[in-house]
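Geometric and topological summary
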Amino acid sequence: MIKIGVLGPVGSGKTTLIEFLAKEFIKMKFKVGIVTNDVVSNFDAVRIYSDLVLKDKVLPKENIVGLVTGGCPHTAIREDPSLNMRAIETLSRKSKLDIIFIESGGDNVMSTFSPLLSDYSIFVLDTSAGDKYPRKGGLGITQSDLLVINKIDLAPYVGADLSKMREDAESVREGKPTAFISLRTMEGTEELMRILLEDLNIEGLLGNK
Ligand SMILES: Nc1nc2c(ncn2[C@@H]2O[C@H](COP(=O)(O)OP(=O)(O)O)[C@@H](O)[C@H]2O)c(=O)[nH]1
Ligand SMILES: [Mg+2]
């Protein structure tokens, strides 16, 4: 089983990305579970339930756990991951899962996942705040296994220079991949899947099934 941690600022597209990836992996016959972290609400879990369980009917409702962490989002994914570990245990007890996504409650550039919670981490930024983020660096941006820069459809409206963002990302990430995507137009999502399938050694996972 692979645990994929998804983190990044509030509104960058973490839940939208998890919904997209969950559907892609379900199409490939993987069994997927999702844990969401929200600080004071169950908003994301309810949205995923309504999209993937009720509307698309691709996920059993028992494969989603919505955590209300009540405090600083970093604490629940790094300093004290016990609540999330319990959620993963609960999900795994109900059925044998291949992939579990864990969404953080919203982060700054320094956030990272405890290795207990995540085998592979995806940091999601978006272009709507301009092109400054990759240049700022910070552990989440430099150390995540994959950096996703989402909402490239919005770049022209805020004057975000995508080639500058790519240059900055390449220079701070020292060879680790960055994917530029839009989850609205779906541009770049094929390349994103190519990177993920290669990095996660999906052939190996399929072999174990
Ligand atoms: N224009 C545009 N909007 C997007 C894109 N991806 C997500 N959104 C929207 O951005 C908002 C925040 O997305 P969400 O996934 O909830 O972000 P989260 O807080 O990081 O989980 C939602 O209204 C999404 O529909 C994108 O690629 N382009
Ligand atoms: Mg979310």
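Source: prediction; values computed, not measured. Counting from 1, residues in each chain are numbered in the order their sequence is written. Written order decides the labels, with chains lettered from A and ligands numbered from 1. Selection of residues for local features in this predicted model requires a pLDDT of at least 70, selection of side-chain atom pairs for listing and counting requires 80 or more, and totals for whole chains, interfaces and linings are taken over all residues. Only hydrogens and water are set aside; all other atoms, that is, all heavy atoms of the structure, feed into the side-chain values.

**Description of the site of ligand 1**
Definition of nearness: a residue and a molecule or strand are near each other if at least one heavy atom of the residue lies within 4 Å of the molecule or strand. Lining the immediate surroundings of ligand 1 are 17 residues, of which Gly11, Lys14, Thr16, Arg47 and Leu183 lie closest. A distance of 2.5 Å separates an oxygen atom of ligand 1 from a polar atom in the side chain of threonine 16. Asparagine 150 places a polar side-chain atom, nitrogen or oxygen, 3.0 Å from a nitrogen atom of ligand 1. Calculation of accessible area relied on Shrake-Rupley with a 1.4 Å probe; when residues are assessed, cover is drawn exclusively from the protein chains displayed. Protein chains bury 77% of the 580 Å² of accessible surface belonging to ligand 1 in isolation. Distance and chemistry together define a polar contact, namely a pair of N or O atoms within 3.5 Å, with one atom able to donate a hydrogen and the other to accept it when in protein, and with adjacent residues in sequence counting only for side-chain atoms on both sides.

**Things to note about the pattern of salt bridges**
Side chains bearing opposite charge may pair, as long as their charged atoms lie close to each other. What counts as a salt bridge is simple: a side-chain nitrogen of Lys or Arg found within 4 Å of a carboxyl oxygen of Asp or Glu. Enumeration according to the criterion identifies nine salt bridges in this entry. Ionic pairing is found between arginine 194 and glutamate 191, a salt bridge with its closest N-O pair at 3.0 Å. Here arginine 194 pairs with glutamate 191, and both are found in helix H9 (residues 189-199), just three residues apart, close to one helical turn. The partly exposed category is assigned to glutamate 191, whose relative accessible area is 38%. A salt bridge links arginine 194 to glutamate 198; the nearest nitrogen and oxygen atoms lie 3.3 Å apart. Placement of both arginine 194 and glutamate 198 in helix H9 is noted, with a separation of four residues, approximately one turn of the helix. Exposure categories follow from relative accessible area, calculated using a 1.4 Å probe and restricted to protein chains: below 20% of the type maximum is buried, above 50% is exposed, and the middle band is partly exposed. Residue class for arginine 194 comes out partly exposed when judged on its relative accessible area of 44%. Sharing partners across several salt bridges, the network here consists of Lys23, Lys55 and Asp56. Helix and strand assignments follow DSSP, with helices taken as H or I runs no shorter than four residues and strands as E runs no shorter than two, numbered in order from the N terminus.

**Points about the packing of helix H1 (residues 14-27) against H9**
Here an angle of 0 to 180 degrees is reported between the N-to-C directions of two axes, which are lines fitted to C-alpha atoms, with helices fitted over the stretch in contact. Between H1 and H9, the least distance of the axes is 12 Å, while the angle of their chain directions is 65°. The angle between H1 and H9 places the two elements in the roughly perpendicular class. The element H1 and its partner H9 pack so that their crossing is right-handed. Of the residues in H9, those in contact with Leu17, Phe20, Leu21, Glu24 and Phe25 of H1 are Thr189, Leu192, Met193, Leu196 and Leu197. Here is the rule for angles: anything less than 35 degrees is roughly parallel, anything more than 145 is roughly antiparallel, 65 through 115 is roughly perpendicular, and the remaining ranges are oblique. Left-handed is the label given to a crossing in which the near helix is rotated counterclockwise from the far helix by less than a right angle, and right-handed is the label when the rotation is clockwise. Should any heavy atoms of two residues lie within 4.5 Å, those residues are considered in contact.

**Comments concerning the side chain of aspartate 38**
With respect to the helices, strands and loops of the structure, aspartate 38 is situated in strand S2 (residues 32-38). In this tally, Asp and Glu contribute negative charge and Lys and Arg positive charge; neither His nor the terminal groups of the chain are included. Comment: no salt bridge for buried aspartate 38; closest opposite-charge side chain is lysine 14, at 8.1 Å. A distance of 3.4 Å separates a polar atom in the side chain of aspartate 38 from the backbone nitrogen of phenylalanine 43. Of note is the side chain of aspartate 38, whose polar atom sits 3.0 Å from the backbone nitrogen of aspartate 44. With near-sequence residues (within four places) excluded, aspartate 38 lies in contact with Phe43, Asp44, Leu67, Val68, Thr69 and Gly70.

**Some remarks on the coordination of the magnesium ion (ligand 2)**
Here the magnesium ion (ligand 2) is held by Thr15 (OG1), Asp44 (OD) and Glu103 (OE), and the distances to it run 2.1 to 2.2 Å. For Na, K and Ca the donor cut-off is 3.2 Å, while for other metals it is 2.8 Å, and in both cases only N, O and S atoms qualify; water is not among them, so sites may look incomplete. Expressed as a motif, the donor residue spacing for the magnesium ion (ligand 2) is T-x28-D-x58-E. In this pair, aspartate 44 sits in helix H2 (residues 43-55) while glutamate 103 sits in strand S4 (residues 99-103), placing the two residues 59 residues apart along the sequence.

**Quick look at the environment of isoleucine 64**
Inspection of the secondary structure puts isoleucine 64 in strand S3 (residues 64-68). With a relative accessible area of 15%, isoleucine 64 lands in the buried category. Along the primary structure isoleucine 64 and leucine 91 are separated by 27 residues, whereas in three dimensions their C-alpha atoms are 7.7 Å apart. Leave out the neighbours within four places in its chain, and isoleucine 64 touches Ile34, Ala45, Ile48, Tyr49, Val53, Leu59 and Leu91.

**Things to note about the packing of aromatic side chains**
Note on ring pairs: Phe, Tyr and Trp rings are taken, using the six-membered ring of Trp, and paired if centres are within 6.5 Å. Classes follow the plane angle, with under 30 degrees stacked, over 60 edge-to-face and the rest tilted. Inspection of the entire model under this criterion finds two aromatic pairs. On the basis of an interplanar angle of 65° and a centroid distance of 6.0 Å, the ring pair of phenylalanine 25 and phenylalanine 30 is categorised as edge-to-face. In this structure phenylalanine 30 comes out as buried when scored by relative accessible area, which is 3%. Measuring from centroid to centroid gives 6.3 Å for phenylalanine 25 and phenylalanine 101, while their planes differ by 40°, and the two rings are tilted. With phenylalanine 25 in helix H1 and phenylalanine 101 in strand S4, the pair connects residues that are 76 residues apart, well separated along the chain. The pair formed by phenylalanine 25 and phenylalanine 101 is uniform in burial state, with each residue classed as buried. An aromatic cluster is built from Phe25, Phe30 and Phe101, whose rings are joined through pairwise contacts. We call a charge positioned over a ring when the NZ of a Lys or the CZ of an Arg lies within 6 Å of the ring centre and within 35 degrees of the ring normal. One Lys or Arg, lysine 132, reaches over the ring of tyrosine 133 and ends 6.0 Å from the middle of that ring.

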